[in-house]
Each structure stands twice: as C-alpha cells, then as structure tokens.
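What follows is the residue order along each chain.
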Amino acid sequence: MPSLGADMDEGTLVSWLVAVGDRVTRGDIVAVVQTEKSDIEVEVFETGQVAELLVEPGTTVEVGTPLARIDSGSTATTSRGPEPTPGSQSEARPVPRPVPAASPARRHAGRVLSPLVRRDARRLGIDLGRVRPAPDGTIHRDDIAAAVPAARPTRRRVSPYARRLAMEGSIDVSTLSGTGPSGAVVARDVPGAAPAAAKRTVDPMRTAIARTMERSNREIPHYYLSHTVDMAATVEALAAHNDGRSPRDRVLLAALELRAVALAARKVDEMNGSWVDGTFVPGDGVHVATIVALRGGGLLAPVIRDADRLDADETMRSLGDVVERARRGALRSSELSGATITVTNLGEDGVEAIFGVIHPPQVAIVGFGGLVERPVVAQGRIVAHPTLTVTLAADHRATDGRIGGRFLARVAALLRSPERLL
Amino acid sequence: MTNDEARQLLGEVLGRIAPGTDLDEIDPAELLSDELDLDSMDLLSMLELLHERTGLELPETDAPKLRTLDDAVEYLVLRSG
C-alpha cells in the first residue's frame, strides 16, 4: 500500500486491474485504492510478472503492507509501493512504458500479440492465456473485448461520495445500478442516502485534512508576506491570447499564476523542496501541487510535475486534466505525492487575499486572491486597473523573510510580464 | 434550437460537469456558478462541451452572456438561429 501523502495511514483496495500471471511494467496502473480522500489509481514500481495478489478487494491495510508479489525474473520481490520519502520522489515517477520483453512470447507460445492487444488485456485484467485465439494463433483486440465478461467485470465507475455513502450504509456498490455519466454510480443511486443526512457521521476526508493541518500548525512556524500586483497588461494579453481560440485551447489566469510560481520557485530554490529531519531538502524538480476543491466538500492537491518546463498552454492542459480527474476520483498514485511547493486560489469566491497553511513537509504555499479593480499609479496618473494580491506562507525553519520576499517579488514581476508567461 | 432543446442540452452538459445536476432544482435567474458550485475551469468546460455539441464559436467575450440558466438558454436559441 503506497503512501499517497504525508497524512495517509491506510488505504482500502477497491479492485485489481491485473491478475496473477500478467506481465506488468513499471508505471502501469495495477489497482484502484480508496484513501480517506479519494479513489486513486496505483502504479506499479517493478517490472515483472504478477505472482500473487496478497490483498483482497475491500480490505483496508496499513501503508507499507505488501499488496502483491511480483516475479521480476531472477528473484521474486514483494511490491510494497514506494516508501514515503518526501522531497526525493524521483523513483515515484512513472516511466515511459518500454515494450514488454520476450517473456509474453514465451507465455503465449505460438501466438501473435500486438502491443495494443497486450495493453488492452493488461488494462482490462484479462489473462491472455485464457483468450481463445484465431485459427492462425493471432489474438485480436476484439477477442480481448469479447473475453471481458467471462474473465472479470471491468472496474465499476463510482463517485467517491457515493462510495462513501454506500460504505457508511454497509451497501455493496456492485449491487447498485448507476445513473451518472457512463453509468457511474452517484450519490442519488445509493439507497437511503439522503443528501446532507442529519445523523453525525465521521467524514474521512475531513479527518485527513484535520490531521494534516494540525500537524502543520503544530510543527511549522509560518511567516506571511503579501504583494499586490497591477495585472492590466497580463489581463489584456491573456484576452488577446484566447481571442479566436476554441474553448478547449483557451488559457485561464489560474494557469499563468501557477506558471509564475513554478518559474519563481526554480529561481529562488530555497522555497522549492521539503523540511525533513531538521534540514531543508531541495526539490528534484519543480513539482507544483494545486489545491482542488471537491464538489460536496473536501480538498485534493494533485501535483503537476516539472511545472517550470511547461509553457502556458501545456500548464493549462495539465491543470485542466488534474482538476477534472481529481473531481472524478481518477488521480494516479504518483500525482498525489512529491510536491515541492503548493498553489492555492480562492479568487473566484470573491476573496482578495488568502494566507495558506503549508502542507508538510513542503516549506511554502502561495495564495492567489481574485482580480480586484483598484486605483493604481501608471505613468504619473491615478487609474483603475485590475489588481491581484498574491501571498506567501513560508516555513521560518527553512527560510527567513528576506528570501521569501525575494521569491514573492519574483512571482509578482512575472505576473506583470505577460511576455514571460504566455 | 428551441427553448426546450437548449435547456435539455444545457442539462446534459452541466450534468457531465457536475454529476447529479437537476436543472429543475436551480434558480434559472441566479448565477450557474453559485447554483451548481462551478469554478472557471468548469465554466470553460461548459463552453467546450457546448461548442462540441453545437459548433457555435462561443468566444470568450460572450461568456458573460451564459452566466445564468435563463441567459444561457436565450443565448443558445438566439445564436443557433
């Protein structure tokens, strides 16, 4: 059971996406795990053949408990998932999927398997040995699709909220029929799930957030800085950038804010990393967590890795992607760990400035309020311009205010310079 | 596109963004963002889905004309001819 954040103690295995005998490659998604916060797709960190599944779906186990045994060829190793090592998460990065080695050919002697077929089979958890090939020994994608019902049901789409309601009511979600998108089981499908039930229940996500925030305020001596930025040039440049683009290709201000933080964190790298055992550990790249508020309450902080290397359009695509998947409960394990700095934005709720609480073991969180028209002095005249207040909450154990000020000034300068962001 | 068709389209699109959405339960004169707890990313997704389904261009400058259910229905009926 991998640790998917500093605040995670245990997780529940929802389903296996592989079966014994399947060949897996480092980075493949092999299981779905439900944490206190959300459903997460778990990636494997070994390459080899699944020798044994050690945990049954529906079982809750502690972080570090072996989930499966993977035979990597010479020696059998037990996959515990990555050890929680804040600040040095390079090993948690999914790697490009190499073409599986010769072993599938050995396992399925005499059969012709295209990489697509192997991928489909792996994704659907089909044991290729049980698929009936065409007379010439070939297995086609259609054969894989046909083998699905016989082999195992595909993963049920269940919203995290519905799953929680079902769990609280001791209802087996597999017995429910879904009325949500693509037949997903949503809250209204769970019998007796009166929205905002009057009974007091413990909300696991609330508990997880509470624990993290308690730890942060107990351990981290925060200091706070704020800067108000004239955004006239950037707002205008962004409108020009989006003009004539289809909605899919438009960039939101939130993406430029995230990019400004990533670029500043690369430059002032004392803000980018973790505080571990009394010392600052610099990040192995600029990996920016972004706070996503979930419908119905709660937060997730998916990570955009190497955010400083993405241009504005790429940043927007990454942001849109993780926000959408966070809300759908489809984030991957590697996307919830390894952040080196966090961005939070409450501007759309009419907030002018937000002073964040640092997510341990990180050392900084940058907060953005909304655009507010304020009088500013431009070329000696007082004019009304859209302005933005950006704040920094930083760990005083790791840095002093002067470094924080330098970092925040850099963020502000970038926000004023659309040509460096777009 | 008729009023009913526009409303049905919006129901489908908003249901994909905020699962469980029931248009009968929201105040059509209030901001969709408030009624359905949508943020700017959701509103952009709404434009994207409406663009995909109708082929309408939906420039960013028109976004303010789609802020309430009533406004959005009126806009779609008008623009789709």
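Please refer to the structure placed before this passage.
Residues numbered from 1 in each chain as written. Chains lettered and ligands numbered in written order. Predicted model: local features only at pLDDT ≥ 70, side-chain atom pairs only at ≥ 80, totals over all residues. Heavy atoms only, no water.

Q: Please give an account of the pattern of salt bridges that cites residues and values.
A: Following the criterion strictly, the structure yields 21 salt bridges over all chains and no others. The closest approach of N and O atoms between A:E219 and A:R215, which form a salt bridge, is 3.2 Å. With a gap of four residues between them, A:E219 and A:R215 both fall in helix α5 (residues 204–219), about one helical turn apart. In this structure, B:R7 and B:D24 form a salt bridge, with 2.9 Å as the shortest nitrogen-oxygen distance. Note that B:R7 is positioned in helix α1 (residues 3–17) and B:D24 in the loop between α1 and α2 (32–36), a separation of 17 residues in sequence. Of the residues examined, B:R7 reaches a relative accessible area of 30% and is grouped as partly exposed. The exposure class assigned to B:D24 is exposed, which follows from its relative accessible area of 64%. Connected via shared salt-bridge partners are A:R295, A:R327, B:D39 and B:D42. (Salt bridge = Lys/Arg side-chain N within 4 Å of Asp/Glu carboxyl O. Helix = DSSP H or I, 4+ residues; strand = E, 2+ residues; numbered from the N terminus. Buried < 20%, exposed > 50% of the residue type's maximum accessible area, 1.4 Å probe, protein only.)

Q: Lay out the nonpolar core with the relevant residues and their values.
A: Judged by nonpolar contacts, the single largest core of 74 residues is most densely connected at A:M271, A:I341, A:F368, A:F407, A:V411 and A:L415. Broken down by element, this core gets its largest block of residues, ten residues, from helix α7 (residues 253–267) of chain A. Excluding its chain neighbours within four sequence positions, the residues that come into contact with A:F407 are A:V261, A:A264, A:A265, A:V268, A:M271, A:I341, A:V366 and A:L392. The next biggest cluster of nonpolar side chains, apart from the first, holds 24 residues, and it includes B:L9, B:M46, B:L56 and B:A72. (Core = buried A, V, L, I, M, F, W, Y, C linked by side-chain atoms within 4.5 Å. Contact = heavy atoms within 4.5 Å.)

Q: How would you explain the packing of aromatic side chains if you had to name every residue and give the values?
A: To describe a pair of aromatic rings, one takes the distance between the centres and the angle between the planes. Residue and element names in this part refer to chain A. Scanning the model with the defined rule gives one aromatic pair over all chains in all. A centroid spacing of 6.0 Å and a plane angle of 85° characterise the contact between Y224 and F355, whose relative ring orientation is edge-to-face. Of the two residues, Y224 sits in strand β9 (residues 222–230) while F355 sits in the loop between β17 (341–345) and β18 (364–368), which places them 131 residues apart along the sequence. Residue Y224 is classed as partly exposed on the basis of its relative accessible area, which comes to 42%. (Phe/Tyr/Trp six-rings, centres within 6.5 Å; stacked < 30°, edge-to-face > 60°.)

Q: Let's hear about the environment of A:I171: which residues, and what values?
A: Residues and elements named next belong to chain A. Tracing the backbone shows I171 in the loop between α4 (160–168) and α5. What makes I171 partly exposed here is its relative accessible area of 23%. Remark: the alpha-carbon pair of I171 and V190, spanning 19 residues in sequence, is separated by 8.0 Å.

Q: Report on the sheet that holds strand β16 (residues 331–332) of chain A, specifying residues and quantitative values.
A: Residue and element names in this part refer to chain A. With mixed pairing, five strands are arranged side by side in an open sheet as β6-β1-β3-β4-β16. Each end of this open sheet is capped by a strand with a single partner; those strands are β6 (60–62) and β16. In this structure, strand β4 (residues 39–43) lies alongside β16, joined through two bridges in parallel fashion. Within β16, the residue paired with I40 across the bridge is L331. (Pairing = 2+ DSSP bridges.)

Q: Please set out α5(A) residue by residue, giving values where relevant.
A: All names here are of chain A. With 16 residues, α5 should cover 22 Å at 1.5 Å per step; its first-to-last C-alpha distance of 23 Å lies within 8% of that length. Within α5, burial applies to M205, A208, I209, T212 and S216. Taken around the axis of α5, the buried residues stretch over an arc of 95°, which confines them to a single face. Of the residues in α5, the exposed ones pointing more than 90 degrees away from the buried face are N217 and R218. Structurally, α5 contributes buried residues whose contacts are with β9 and β14 (299–300). At the N-terminal boundary of α5, the capping side chain belongs to D203, with an oxygen 2.9 Å from the backbone nitrogen of M205. (Expected span 1.5 Å × (residues − 1). Arc of directions from axis to C-beta. Polar contact = N/O pair within 3.5 Å; in protein donor to acceptor, adjacent residues only side chain to side chain.)

Q: So what about the packing of α7(A) against helix α9 (residues 401–415) of chain A? Which residues, and what values?
A: Residues and elements named next belong to chain A. The geometry of α7 relative to α9 is characterised by a closest axis approach of 9 Å and an angle of 135° between their N-to-C directions. One way to sum up the angle between α7 and α9 is to call them oblique. For α7 against α9, the interelement crossing comes out right-handed. Residues L256, E257, A260, V261, L263, A264, A265 and K267 of α7 form the contact with α9, whose own contacting residues are F407, R410, V411, L414 and L415. Residue composition of the contact of α7 with α9, by class: ten nonpolar, no polar and three charged. (Axes fitted to C-alpha atoms, helices over the stretch in contact; angles between N-to-C directions. Parallel < 35°, antiparallel > 145°, perpendicular 65-115°, else oblique. Left-handed = near helix turned anticlockwise from the far one by under 90°. Nonpolar A, V, L, I, M, F, W, Y, C, P; charged D, E, K, R; others polar.)

Q: Tell me about the layout of surface pockets, residues and numbers included.
A: Here the second largest pocket is characterised by a volume of approximately 1,100 Å³. Taken together, 33 residues line the second largest pocket, and the ones lying closest to its centre are A:L252, A:E348, B:S40, B:E60 and B:R67. Only α6 (232–242) and α7 of chain A together with α2 and α3 (40–54) of chain B provide two or more residues apiece to the lining of the second largest pocket. In terms of residue count, the dominant contributor to the lining of the second largest pocket is α3(B) (five residues). Its residues assigned to classes, the lining of the second largest pocket shows 19 nonpolar, eight polar and six charged. (1 Å grid on protein atoms, 1.4 Å probe; cavity = no way out; pocket = protein on both sides within 12 Å on 5 of 7 lines; lining within 4 Å. Points joined across faces, edges and corners; volume = space filled by probe spheres on them.)

Q: For unusual backbone geometry, give the residues involved together with the corresponding values.
A: Omega for the bond connecting A:P360 with A:P361 falls within 30 degrees of zero, at 5°, which places this linkage in the cis form. By the element assignment, A:P361 lies in the loop between β17 and β18.

Q: Explain helix α8 (residues 312–328) of chain A to me, using residue names and the numbers behind them.
A: All names here are of chain A. With 17 residues, α8 should reach 24 Å at 1.5 Å per residue; the first-to-last C-alpha distance of 24 Å fits that figure. Turning to α8, its buried residues are A312, T315, M316, L319, G320, V322, V323, R325 and A326. Taking the backbone nitrogen of D313 as reference, a side-chain oxygen 3.1 Å away marks D311 as the first, capping residue of α8. At the C-terminal side of α8, G329 shows a positive phi close to 75°.

Q: Help me get a handle on the interface of chain B and chain A, residues and values and all.
A: Facing the 21 residues of chain B at the interface are 17 residues of chain A. Sorting the residues of chain B by area buried against chain A places B:M41, B:L44 and B:E60 first, and these three jointly supply 37% of that buried surface. Connecting chain B to chain A are five salt bridges. A salt bridge links B:D39 to A:R327; its shortest N-O distance comes to 3.0 Å. (Buried area = accessible area lost by both parts, 1.4 Å probe.)

Q: I'd like a description of the pairing of strand β11 (residues 279–282) of chain A, backed by residues and values.
A: Residue and element names in this part refer to chain A. Alignment of strand β10 (residues 273–276) against β11, held across four bridges, turns out to be antiparallel. If you follow V276 over to β11, its bridge partner there is T279. Taking the residues between adjacent antiparallel strands as the criterion, β10 and β11 are bridged by two residues, where D277 takes a positive phi near 50°.

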